[in-house]
Amino acid sequence: MARYRFHCTNGTECVFDARGVVVRRPDALGARARRVADGVMRSLGRRADWAEWRVTVHDLTGRRVLLQRFPTSGEAARAA
C-alpha cells in the first residue's frame, strides 16, 4: 500500500494533487487515474477538447509511475 499523487495538465494549465491518495495495488493506478480525469473534466466543465490533457501519477519521492491521457469524448460515451 502506497500513497500516490495524481496531477493533471495540458502543458499550460495544471491541476495539482497536493495530498495524494493511498492505493493498495499498483495495478489499480490506471483506474484511479481515469476517475481523477473524469473528476477534472466535470469540475472544469465546458471544454470542448480534452485531447491534450494527461494524468501523471507520482509516488511520494516524485518519481512518475504512470502517464495516462484523458478519455476522448467517444471513450467517455462508451464507458458511461
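In this text the structure is predicted, and so the values were computed from the model without any measurement.

K.L.:
Please clarify how the packing of aromatic side chains should be interpreted in this entry.
P.N.:
When we look at a pair of aromatic rings, we describe it by the centre distance and by the angle of the planes. On inspection of all chains with the given rule, the structure shows three aromatic pairs. Where Trp50 meets Trp53, the ring centres are 5.5 Å apart and the plane angle is 55°; that geometry is what we call tilted. Of the two residues, Trp50 and Trp53, neither departs from the other in class, the shared state being buried. On the numbers, 5.6 Å between centres and 15° between planes, the contact of Trp50 with Phe70 is stacked.

K.L.:
Even after reading the chapter, I still don't get the side chain of His7, so can you show me in this structure?
P.N.:
Position of His7 among the secondary structure elements: in strand S1 (residues 2-9). With relative accessibility at 16%, the residue His7 sits in the buried group. Polar contacts involving the side chain of His7 include one to the main-chain amide nitrogen of Asp17, which spans 3.1 Å. Filtering out sequence-adjacent residues up to four positions away, His7 remains in contact with Val15, Phe16, Asp17, Arg54, Val55, Thr56 and His58.

Conventions we followed
Residues numbered from 1 in each chain as written. Predicted model: local features only at pLDDT ≥ 70, side-chain atom pairs only at ≥ 80, totals over all residues. Heavy atoms only, no water. Phe/Tyr/Trp six-rings, centres within 6.5 Å; stacked < 30°, edge-to-face > 60°. Buried < 20%, exposed > 50% of the residue type's maximum accessible area, 1.4 Å probe, protein only. Helix = DSSP H or I, 4+ residues; strand = E, 2+ residues; numbered from the N terminus. Polar contact = N/O pair within 3.5 Å; in protein donor to acceptor, adjacent residues only side chain to side chain. Contact = heavy atoms within 4.5 Å.

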